[in-house]
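For reference, the chains in residue letters:
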Amino acid sequence: MKKILPFSLIFYIFLMYYSITFLSFSITDVKGIEKFPLLTNILNFSFDIFGKNDFALRLPSILTGFFSTIVFYHITKFYLRKEKDRIFATLIFMLIPGAIISSVIINKSIYLIFLTLLFIYFYKISKIISYIILALMVFLDKSCISIFFALIFYSIYKKDNLLLSLSLIFLAINANYFNYDIGGKPRGYFLDIFGTYFLIFSPFVFVYFLFSVYKGTVDQKKDIIFFIAFFTFLISIILSFRQRIKIDDYAPYILIYLIYMVKYFLNSYRVRLPQFRKTYKFIFIFLFSSLILFDIALFLNKYTPAKKLTISYYFIKPLAEKLKQNEFNYLDSNNKRLIKALNFYGIKKGNKYKLIYYKSENKVSIFHKNKKIAEFDVSKLNTL
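Keep in mind that this is a model prediction, so the values were computed, not measured.

Each value, and the rule that gives it
Residues numbered from 1 in each chain as written. Predicted model: local features only at pLDDT ≥ 70, side-chain atom pairs only at ≥ 80, totals over all residues. Heavy atoms only, no water. Helix = DSSP H or I, 4+ residues; strand = E, 2+ residues; numbered from the N terminus. Buried < 20%, exposed > 50% of the residue type's maximum accessible area, 1.4 Å probe, protein only. Areas by Shrake-Rupley, 256 points an atom, 1.4 Å probe, with all protein chains shown as cover. Lys, Arg positive; Asp, Glu negative; His and termini not counted. Charge placed at Lys NZ, Arg CZ, Asp CG, Glu CD. Pairing = 2+ DSSP bridges. Contact = heavy atoms within 4.5 Å. Salt bridge = Lys/Arg side-chain N within 4 Å of Asp/Glu carboxyl O. Axes fitted to C-alpha atoms, helices over the stretch in contact; angles between N-to-C directions. Phe/Tyr/Trp six-rings, centres within 6.5 Å; stacked < 30°, edge-to-face > 60°. Lys NZ or Arg CZ within 6 Å of the ring centre and 35° of its normal. Polar contact = N/O pair within 3.5 Å; in protein donor to acceptor, adjacent residues only side chain to side chain. Parallel < 35°, antiparallel > 145°, perpendicular 65-115°, else oblique. Nonpolar A, V, L, I, M, F, W, Y, C, P; charged D, E, K, R; others polar.

## Some words on the overall build of the protein chain
Within the protein chain, the regular secondary structure consists of 18 helices and five strands. For the C-alpha atoms alone, the extent of the protein chain along its principal axes is close to 75 × 50 × 45 Å. The buried share among the 384 residues of the protein chain stands at 52%. Within the structure as shown, the protein chain displays about 19100 Å² of accessible surface, and the carbon and sulfur contribution to it stands at 64%. Charge centroids of the protein chain, computed over 50 positive and 21 negative side chains, lie 5 Å from each other.

And the structure:
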């Protein structure tokens, strides 16, 4: 643990620094703000203090991720007796791809993770405050319906009539307020959702997550974390048979299960005599190494062929600089979110020039009076 702790902290700080320095305000970020309007107020507050720049853009999410880690650590005190176990679990939470991605991109995920952890923590020490947090979540986002649904089953399991009543009321209000709809013809996005879970956990850690979920189902002492994570995961799998689901509607409630994953692993490790622990040491080294390597691959994919999967996080800032150099300071586009992202870097909306973004070709063309006057290959634009 003494060797892992400083390395993990340095690695985590590096990833946060990298995201502020090299990631552009992307089309995906713009979409995240549109889907979660509260982000507009949060970002405007940050811009008022630090100015309109990449640091102020990423800081609210990074800080929320940091506070989520602190709350997560305090929750581990209810599940893990040894201090080193709590630190170990917290480090894994910090480095899990889903938590890191949520901390650096601009969308609702990290705020939902924080509120879910805050609810669980206060549920352990002050139920009244936890109910207030639940009430706030009713009008926050439609994805909160998952936690209300899970709490219905948990309250039945614990025979908690108050929590059951509140959960039913909150679920009904949330579903009505956001006009929740389950639609679509059976199309089979089952494999897609599993691929996404591979991404947020890292492939081998996700396999252990599935094993831990199985252990949780046969565990005689089921806790609120199990119910929230298990039923959210179950809902996402069931819905994936009918429609393409948005992972940020479910992942925030599933990542908290890491506490159970660490707990089961350490219990399995310690019940064995020292001479029979080598297999578990190997499993830990393998899982932790794969986690770090997967994090590196995610953040440094701009140097690999996989760059095209996240290219909008890299090309917009240098594209804005190119446009300014060529005096295309005012333009319109076929992609309204791209214009919003470029506006962050000083490109204004205007009618003189028209920017056409060809996503499949990774190119943008500039037109003036229907005549192409410039073209840029965005895959070759570099933030370095």
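Now, onward.
## Observations concerning the pairing of strand S5 (residues 371-377)
When strand S4 (residues 363-368) meets S5, the two strands line up antiparallel, connected through six bridges. Paired with Phe367 across the two strands is Lys372, which belongs to S5. Hairpin connection from S4 to S5: two residues lie between these consecutive antiparallel strands, with Lys369 at a positive phi of about 55 degrees.

## Examining the environment of Thr28
Structurally, Thr28 is set in helix H2 (residues 27-35). Taking the relative accessible area as the measure of exposure, Thr28 reaches 41% and is therefore partly exposed. Here the alpha-carbon distance between Thr28 and Tyr313, two residues 285 residues apart in the chain, equals 8.0 Å. Among all residues touching Thr28, those that are not within four sequence positions of it are Ile106, Ser312 and Tyr313.

## Quick notes on the pattern of salt bridges
Counted according to the given criterion, the structure contains twelve salt bridges. Between Lys336 and Asp332 there is a salt bridge, with the nearest N and O atoms lying 3.3 Å from each other. Of the residues examined, Lys336 reaches a relative accessible area of 45% and is grouped as partly exposed. For Asp332, a relative accessible area of 15% corresponds to the buried category. Here Lys372 and Glu375 are joined by a salt bridge, their closest N and O atoms 3.2 Å apart. The partly exposed category is assigned to Lys372, whose relative accessible area is 45%. Through salt bridges with shared partners, a single network forms among Glu34, Arg337 and Lys340.

## As for the sheet that holds strand S1 (residues 330-333)
In space, the five strands of this open sheet follow the order S2-S1-S3-S4-S5, with mixed pairing throughout. One side of each edge strand has no neighbouring strand; the edge strands of this open sheet are strand S2 (348-349) and S5. Along the sheet, helix H17 (residues 312-325) contacts S1, strand S3 (353-358), S4 and S5; its crossing angle with S5, the most-contacted strand, is approximately 140 degrees. Taken strand by strand, helix H18 (residues 336-344) contacts S1, S2 and S3, and its axis lies near 155 degrees from that of S1.

## Here we look at the pairing of S4
Within a regular strand, the side chains alternate between the two sheet faces. Inspection of the sheet shows S3 paired to S4 by five bridges, in the antiparallel sense. Bridged to Tyr357 within S4 is Val364. Here S3 folds back onto S4, and the loop between the two strands holds four residues, one of which, Asn362, carries a positive phi near 55 degrees.

## Regarding the packing of aromatic side chains
If you walk through the whole model with that rule in mind, you get 50 aromatic pairs. Taking 6.5 Å as the distance between ring centres and 65 degrees as the angle between the ring planes, the aromatic pair formed by Phe194 and Phe233 counts as edge-to-face. Here Phe194 is found in helix H11 (residues 190-201), whereas its partner Phe233 is found in helix H13 (residues 224-239), with 39 residues between them in sequence. Sitting over the ring of Tyr123, Lys127 keeps its end group 4.5 Å from the ring centre. Note that Lys263 overlies the ring of Tyr260, its terminal NZ or CZ placed 5.6 Å from the centroid.

## Topic: the environment of Phe36
On the secondary structure map, Phe36 appears in the loop between H2 and helix H3 (38-50). Linking Phe36 and Leu300, residues 264 residues apart in sequence, is a C-alpha distance of 28 Å.

## Focus: unusual backbone geometry
We note that Lys159 has phi near 55 degrees; this positive angle belongs to a residue other than glycine. By the secondary structure assignment, Lys159 is in the loop between helix H9 (145-158) and helix H10 (161-177). Assessed through its relative accessible area of 72%, Lys159 is described here as exposed. For Glu327, which is not glycine, the phi torsion reads 60 degrees and is therefore positive. Note that Glu327 resides in the loop between H17 and S1.

## Thoughts on the side chain of Ser236
Structurally, the position occupied by Ser236 is in helix H13. Under the relative-accessibility criterion, Ser236 is labelled buried at 0%. Reaching out from Ser236, the side chain makes a polar contact with the backbone oxygen of Phe233 at a distance of 2.7 Å. Dropping the residues within four chain positions of it, Ser236 is found in contact with Tyr197, Ile245 and Tyr250.

## Section: the side chain of Arg86
Its place among the elements puts Arg86 in helix H5 (residues 83-95). At 2.8 Å, the side chain of Arg86 and the backbone oxygen of Leu80 are in polar contact. If we skip the residues at most four places from it in the chain, Arg86 touches Tyr73, Thr76, Lys77, Leu80 and Arg81.

## Side note on the packing of H11 against helix H12 (residues 203-218)
Contact geometry of H11 with H12 gives a least axis separation of 7 Å together with a crossing angle of 105 degrees. Considered as vectors, H11 and H12 are oriented roughly perpendicular to each other. Along its contact with H11, which presents Phe194, Tyr197, Phe198 and Phe201, the element H12 presents Pro203, Val205, Phe206, Phe209 and Leu210. Of the residues in the contact of H11 with H12, the class split is nine nonpolar, no polar and no charged.

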